[in-house]
Amino acid sequence: LTPEAMALLPELLTSLDSELREKWQQFGSRQPIAEVRRFGEQLQQLGDRYQVEVVARYGQRLVMHVENFDVDDMKEALGRYPRLIAVLKDKLEEQK
């Protein structure tokens, strides 16, 4: 990550670990396609805005699975969301 992206990482993590985590938790029982697509698009936008490619790519892949009606891969990708947050938190800790 660039120094600028590292400086903004706490702000990004706040978004990923609060309102977006709440949305993600709702997908545990149901995965409405339109909502999962919106979730993926939001992650793409956040990744682009904060210059964190791993977040943008995660969102892109999620949208791709939705567009391809690939429910199994979509669910698998959704299951990796907590790991995405953990990796970014680890990256932040490394910088301290």
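Here is a short report on the structure shown in this document. Quick caveat, the model's predicted, so the values are computed rather than measured.

## A word on helix 4 (residues 53-67)
Right, so step 1: Over its 15 residues, helix 4 extends 21 Å from the first C-alpha to the last, a length consistent with the 21 Å expected when each residue adds 1.5 Å.
Right, so step 2: Residues of helix 4 that are buried: Val-55, Ala-56, Tyr-58, Gly-59, Leu-62, Val-63, His-65 and Val-66.
Right, so step 3: In this structure, the buried side of helix 4 is in contact with helix 1 (3-17), helix 3 (33-49), helix 5 (71-79) and helix 6 (81-95).
Right, so step 4: Two residues or fewer past helix 4, Phe-69 is found with a positive phi of approximately 55°.

## Structural notes on helix 5
In an α-helix, one turn spans 3.6 residues; hence positions three or four apart end up facing the same way.
Right, so step 1: Among the residues of helix 5, Met-74, Ala-77 and Leu-78 are the ones counted as buried. Each buried residue of helix 5 lies within a common arc of 100° when the element is viewed along its axis, so the set occupies one face. Exposed residues lying more than 90 degrees from the buried face of helix 5 are Asp-72 and Gly-79.
Right, so step 2: Contacts from the buried residues of helix 5 go to helix 2 (19-26), helix 3, helix 4 and helix 6.

## Structural notes on the packing of aromatic side chains
Right, so step 1: In total, this model carries four aromatic pairs according to the counting rule given.
Right, so step 2: Taking 5.5 Å as the distance between ring centres and 75° as the angle between the ring planes, the aromatic pair formed by Phe-27 and Phe-39 counts as edge-to-face. Residue Phe-27 is located in the loop between helix 2 and helix 3, and its partner Phe-39 is located in helix 3; the two are separated by twelve residues in the primary sequence. Per residue, the accessibility class of Phe-27 equals that of Phe-39, and both read buried.
Right, so step 3: Relative to Tyr-81, the ring of Tyr-58 has its centre 6.2 Å away and its plane inclined at 45°; by these criteria the two rings are tilted. With Tyr-58 in helix 4 and Tyr-81 in helix 6, this pair connects stretches of sequence that are 23 residues apart. Across the pair, Tyr-81 and Tyr-58 agree in class, each one buried.
Right, so step 4: Connected via pairs of aromatic rings, a cluster forms that spans Trp-24, Phe-27, Phe-39, Tyr-58 and Tyr-81.

## Here's the deal with the packing of helix 2 against helix 6
Right, so step 1: Remark: helix 2 packs on helix 6, axes separated minimally by 11 Å, with the N-to-C direction vectors making an angle of 155°. Considered as vectors, helix 2 and helix 6 are oriented roughly antiparallel to each other. Residues Leu-20, Arg-21 and Trp-24 of helix 2 pack against Tyr-81, Pro-82 and Ile-85 of helix 6.
Right, so step 2: Here the residues of the contact of helix 2 with helix 6 sort into five nonpolar, no polar and one charged.

Parameters and conventions
- Residues numbered from 1 in each chain as written.
- Predicted model: local features only at pLDDT ≥ 70, side-chain atom pairs only at ≥ 80, totals over all residues.
- Heavy atoms only, no water.
- Helix = DSSP H or I, 4+ residues; strand = E, 2+ residues; numbered from the N terminus.
- Expected span 1.5 Å × (residues − 1).
- Buried < 20%, exposed > 50% of the residue type's maximum accessible area, 1.4 Å probe, protein only.
- Contact = heavy atoms within 4.5 Å.
- Arc of directions from axis to C-beta.
- Phe/Tyr/Trp six-rings, centres within 6.5 Å; stacked < 30°, edge-to-face > 60°.
- Axes fitted to C-alpha atoms, helices over the stretch in contact; angles between N-to-C directions.
- Parallel < 35°, antiparallel > 145°, perpendicular 65-115°, else oblique.
- Nonpolar A, V, L, I, M, F, W, Y, C, P; charged D, E, K, R; others polar.

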